[in-house]
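# Per-entry structural report
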Protein chains: 2
Amino acid sequence: MNLVTIIGSVAAFLTTIAFLPQTLKTIREKNTDGISLHMYTLFTVGVFLWLIYGLYTVDIPIILANLVTFGLAMTILILKIRYH
Amino acid sequence: MNLVTIIGSVAAFLTTIAFLPQTLKTIREKNTDGISLHMYTLFTVGVFLWLIYGLYTVDIPIILANLVTFGLAMTILILKIRYH
(Lines give C-alpha, C1' and ligand atoms only; values in the text may rest on other atoms or scores of the structure.)
Protein backbone atom coordinates (compact mmCIF):
# COMPACT_ATOMS: atom_id res chain seq x y z
CA MET A 1 0.00 0.00 0.00
CA ASN A 2 1.62 3.27 -1.06
CA LEU A 3 1.53 6.59 0.82
CA VAL A 4 -1.32 8.07 -1.25
CA THR A 5 -3.55 5.05 -0.61
CA ILE A 6 -2.78 5.23 3.11
CA ILE A 7 -3.67 8.96 3.19
CA GLY A 8 -6.94 8.28 1.33
CA SER A 9 -7.83 5.36 3.62
CA VAL A 10 -7.16 7.35 6.81
CA ALA A 11 -9.13 10.31 5.36
CA ALA A 12 -12.09 8.03 4.54
CA PHE A 13 -11.95 6.42 7.98
CA LEU A 14 -11.84 9.76 9.84
CA THR A 15 -14.62 11.45 7.83
CA THR A 16 -16.77 8.36 8.40
CA ILE A 17 -16.11 7.63 12.08
CA ALA A 18 -16.31 11.36 12.95
CA PHE A 19 -20.11 11.09 13.04
CA LEU A 20 -20.05 8.43 15.78
CA PRO A 21 -19.21 10.85 18.67
CA GLN A 22 -21.92 13.25 17.43
CA THR A 23 -24.46 10.42 17.30
CA LEU A 24 -23.57 9.21 20.81
CA LYS A 25 -23.60 12.78 22.22
CA THR A 26 -27.02 13.47 20.69
CA ILE A 27 -28.48 10.16 21.96
CA ARG A 28 -27.02 10.78 25.45
CA GLU A 29 -27.86 14.48 25.85
CA LYS A 30 -30.95 14.76 23.62
CA ASN A 31 -29.78 18.32 22.92
CA THR A 32 -30.00 19.22 19.23
CA ASP A 33 -30.41 22.99 19.59
CA GLY A 34 -27.06 23.85 18.00
CA ILE A 35 -27.38 21.28 15.25
CA SER A 36 -28.59 22.46 11.82
CA LEU A 37 -31.58 20.54 10.43
CA HIS A 38 -30.71 21.82 6.94
CA MET A 39 -27.15 20.49 7.25
CA TYR A 40 -28.18 16.97 8.17
CA THR A 41 -30.95 16.91 5.55
CA LEU A 42 -28.56 17.92 2.76
CA PHE A 43 -25.75 15.76 4.11
CA THR A 44 -27.87 12.61 4.50
CA VAL A 45 -29.21 12.93 0.93
CA GLY A 46 -25.65 13.55 -0.31
CA VAL A 47 -24.27 10.50 1.49
CA PHE A 48 -27.15 8.40 0.14
CA LEU A 49 -26.20 9.49 -3.39
CA TRP A 50 -22.54 8.56 -2.68
CA LEU A 51 -23.89 5.12 -1.69
CA ILE A 52 -25.77 4.82 -5.01
CA TYR A 53 -22.60 6.02 -6.82
CA GLY A 54 -20.53 3.37 -5.03
CA LEU A 55 -23.04 0.62 -5.93
CA TYR A 56 -23.09 1.74 -9.59
CA THR A 57 -19.27 1.79 -9.83
CA VAL A 58 -18.90 -1.29 -7.57
CA ASP A 59 -16.43 0.65 -5.40
CA ILE A 60 -16.33 -1.25 -2.08
CA PRO A 61 -14.57 1.46 0.04
CA ILE A 62 -17.11 4.10 -1.12
CA ILE A 63 -19.99 1.69 -0.41
CA LEU A 64 -18.76 0.75 3.07
CA ALA A 65 -17.76 4.29 4.16
CA ASN A 66 -21.04 5.82 3.02
CA LEU A 67 -23.16 2.98 4.41
CA VAL A 68 -21.74 3.72 7.89
CA THR A 69 -21.95 7.49 7.46
CA PHE A 70 -25.53 7.23 6.17
CA GLY A 71 -26.58 5.23 9.23
CA LEU A 72 -24.97 7.73 11.62
CA ALA A 73 -26.14 10.88 9.78
CA MET A 74 -29.68 9.51 9.44
CA THR A 75 -29.74 8.80 13.20
CA ILE A 76 -28.70 12.39 13.97
CA LEU A 77 -31.30 13.72 11.49
CA ILE A 78 -34.10 11.64 13.10
CA LEU A 79 -33.05 12.77 16.59
CA LYS A 80 -32.92 16.40 15.42
CA ILE A 81 -36.48 16.13 14.02
CA ARG A 82 -37.66 14.37 17.19
CA TYR A 83 -36.11 16.85 19.69
CA HIS A 84 -36.58 19.93 17.45
CA MET B 1 -21.94 13.51 -18.73
CA ASN B 2 -23.40 10.10 -17.91
CA LEU B 3 -25.80 9.29 -15.07
CA VAL B 4 -23.10 7.95 -12.72
CA THR B 5 -21.03 11.14 -13.06
CA ILE B 6 -24.12 13.24 -12.42
CA ILE B 7 -24.93 11.23 -9.27
CA GLY B 8 -21.34 11.59 -8.03
CA SER B 9 -21.26 15.32 -8.76
CA VAL B 10 -24.57 15.97 -6.96
CA ALA B 11 -23.38 13.80 -4.03
CA ALA B 12 -20.12 15.77 -3.80
CA PHE B 13 -21.97 19.09 -4.02
CA LEU B 14 -24.50 18.17 -1.29
CA THR B 15 -21.96 16.71 1.17
CA THR B 16 -19.87 19.85 0.69
CA ILE B 17 -22.52 22.58 0.78
CA ALA B 18 -24.31 20.84 3.69
CA PHE B 19 -21.85 22.45 6.11
CA LEU B 20 -22.80 25.98 5.04
CA PRO B 21 -26.16 26.10 6.93
CA GLN B 22 -24.44 24.69 10.04
CA THR B 23 -21.72 27.32 9.82
CA LEU B 24 -24.23 30.16 9.37
CA LYS B 25 -26.46 28.83 12.21
CA THR B 26 -23.48 28.59 14.58
CA ILE B 27 -22.23 32.09 13.67
CA ARG B 28 -25.75 33.53 14.08
CA GLU B 29 -26.81 31.74 17.28
CA LYS B 30 -23.42 31.16 18.94
CA ASN B 31 -24.97 27.97 20.37
CA THR B 32 -22.64 24.99 20.08
CA ASP B 33 -23.98 22.94 23.02
CA GLY B 34 -25.37 20.12 20.88
CA ILE B 35 -22.35 20.02 18.58
CA SER B 36 -19.67 17.37 19.23
CA LEU B 37 -16.12 18.74 19.57
CA HIS B 38 -14.78 15.23 18.86
CA MET B 39 -16.78 15.01 15.63
CA TYR B 40 -15.48 18.27 14.20
CA THR B 41 -11.91 17.52 15.30
CA LEU B 42 -11.91 14.12 13.58
CA PHE B 43 -13.84 15.41 10.59
CA THR B 44 -11.63 18.45 10.00
CA VAL B 45 -8.46 16.32 10.12
CA GLY B 46 -10.12 13.81 7.77
CA VAL B 47 -11.13 16.48 5.28
CA PHE B 48 -7.62 17.95 5.42
CA LEU B 49 -6.22 14.52 4.53
CA TRP B 50 -8.71 14.29 1.61
CA LEU B 51 -7.28 17.64 0.47
CA ILE B 52 -3.72 16.24 0.61
CA TYR B 53 -4.96 13.12 -1.23
CA GLY B 54 -6.55 15.29 -3.94
CA LEU B 55 -3.35 17.34 -4.36
CA TYR B 56 -1.23 14.15 -4.61
CA THR B 57 -3.54 12.60 -7.23
CA VAL B 58 -4.20 15.98 -8.92
CA ASP B 59 -7.95 15.32 -8.67
CA ILE B 60 -9.59 18.74 -9.09
CA PRO B 61 -13.12 17.82 -7.84
CA ILE B 62 -11.65 16.25 -4.66
CA ILE B 63 -9.43 19.31 -4.14
CA LEU B 64 -12.24 21.82 -4.62
CA ALA B 65 -14.88 19.94 -2.60
CA ASN B 66 -12.56 19.36 0.34
CA LEU B 67 -11.13 22.89 0.24
CA VAL B 68 -14.67 24.26 0.76
CA THR B 69 -15.59 21.62 3.35
CA PHE B 70 -12.33 22.21 5.22
CA GLY B 71 -13.02 25.95 5.45
CA LEU B 72 -16.56 25.37 6.73
CA ALA B 73 -15.70 22.54 9.14
CA MET B 74 -12.71 24.45 10.52
CA THR B 75 -14.97 27.48 11.14
CA ILE B 76 -17.44 25.33 13.09
CA LEU B 77 -14.57 23.74 15.05
CA ILE B 78 -13.13 27.15 15.99
CA LEU B 79 -16.59 28.42 17.02
CA LYS B 80 -17.18 25.25 19.07
CA ILE B 81 -13.85 25.76 20.92
CA ARG B 82 -14.61 29.46 21.42
CA TYR B 83 -18.19 29.01 22.75
CA HIS B 84 -17.47 25.69 24.52
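Residues numbered from 1 in each chain as written. Chains lettered and ligands numbered in written order. Predicted model: local features only at pLDDT ≥ 70, side-chain atom pairs only at ≥ 80, totals over all residues. Heavy atoms only, no water.

### Some thoughts on the relation of the copies chain A and chain B
The two copies are related by a screw motion: chain A maps onto chain B through a turn of 180° and a shift of 0.0 Å along the axis, at an RMSD of 0.0 Å. Both copies are brought into coincidence by an operation consistent with a two-fold rotation axis. If distances are taken from each C-alpha of chain A to the rotation axis, the shortest is found for G34 of chain A, at 2.5 Å. A share of 100% of the interface residues of chain A reappears at the interface of chain B, consistent with the copies meeting face to face through the same patch. (Least-squares fit on C-alpha atoms with pLDDT ≥ 70 in both. Contact = heavy atoms within 4.5 Å.)

### Here we look at the side chain of N31 of chain B
All names here are of chain B. Position of N31 among the secondary structure elements: in the loop between α2 (19–29) and α3 (37–57). When its relative accessible area of 19% is taken as the criterion, N31 is described as buried. At 3.0 Å, the side chain of N31 and the backbone nitrogen of D33 are in polar contact. (Helix = DSSP H or I, 4+ residues; strand = E, 2+ residues; numbered from the N terminus. Buried < 20%, exposed > 50% of the residue type's maximum accessible area, 1.4 Å probe, protein only. Polar contact = N/O pair within 3.5 Å; in protein donor to acceptor, adjacent residues only side chain to side chain.)

### Description of helix α2 (residues 19–29) of chain A
Burial in α2 of chain A covers these residues: F19, P21, Q22, T23, K25 and T26 of chain A. The secondary structure elements touched by the buried residues of α2 of chain A are α1 (3–17), α3 (37–57) and α4 (60–82) of chain A together with α2 and α3 of chain B. Of the residues trailing α2 of chain A, K30 of chain A is marked for its positive phi of about 55°.

### Quick notes on the pattern of salt bridges
Following the criterion strictly, the structure yields four salt bridges over all chains and no others. Linking R28 of chain A and E29 of chain A is a salt bridge whose minimum nitrogen-to-oxygen distance equals 3.8 Å. Notably, a salt bridge pairs K25 of chain B with E29 of chain B, separated by 3.2 Å at the nearest N-O pair. Of the two residues, K25 of chain B and E29 of chain B are both situated in helix α2; the distance of four residues between them amounts to about one turn of the helix. Among the residues examined, E29 of chain B registers a relative accessible area of 38% and is labelled partly exposed. Linked by salt bridges that have partners in common, K25, R28 and E29 of chain A make up one network. (Salt bridge = Lys/Arg side-chain N within 4 Å of Asp/Glu carboxyl O.)

### Some remarks on the packing of aromatic side chains
Tallied over the entire structure, the rule returns ten aromatic pairs over all chains. Geometrically, the ring pair formed by F19 of chain A and Y40 of chain A is edge-to-face, given 6.4 Å between the ring centres and 90° between the ring planes. Separated by 21 residues along the polypeptide, F19 of chain A in helix α2 and Y40 of chain A in helix α3 bring together distant segments of the chain. Across this residue pair, the class does not change: F19 of chain A and Y40 of chain A are buried. Considering the side-chain rings of F19 of chain A and F43 of chain B, the 5.6 Å spacing of their centres and the 75° angle between planes classify their relative orientation as edge-to-face. With one member in each of two chains, F19 of chain A in helix α2 and F43 of chain B in helix α3 form a pair that bridges those chains. We note that F19 of chain A, like F43 of chain B, is buried. (Phe/Tyr/Trp six-rings, centres within 6.5 Å; stacked < 30°, edge-to-face > 60°.)

### Digging into the interface of chain A and chain B
Across the contact, 35 residues belong to chain A and 35 residues belong to chain B. Taking both partners together, chain A and chain B bury about 3000 Å²; carbon and sulfur atoms supply 79% of that area. On the surface where chain A and chain B come into contact, there are eight residue pairs in polar contact (both at pLDDT 80 or more). Only α1, α2 and α3 of chain A provide two or more residues apiece to the side of chain A that touches chain B. (Buried area = accessible area lost by both parts, 1.4 Å probe.)

### Topic: the side chain of T23 of chain B
As for its placement among the helices and strands, T23 of chain B is situated in helix α2. What T23 of chain B contacts, discounting residues up to four positions off in sequence, is L72, T75 and I76 of chain B.

### Considerations on the packing of α2 of chain B against helix α4 (residues 60–82) of chain B
Residues and elements named next belong to chain B. Where α2 meets α4, the closest approach of the two axes is 9 Å, and the angle between their N-to-C directions is 30°. It follows from the interaxial angle that α2 and α4 lie roughly parallel. Pair α2 / α4 crosses with left-handed handedness. Taken together, the residues of α4 that come into contact with α2 (itself represented by F19, L20, Q22, T23, T26 and I27) are T69, L72, T75, I76 and L79. (Axes fitted to C-alpha atoms, helices over the stretch in contact; angles between N-to-C directions. Parallel < 35°, antiparallel > 145°, perpendicular 65-115°, else oblique. Left-handed = near helix turned anticlockwise from the far one by under 90°.)

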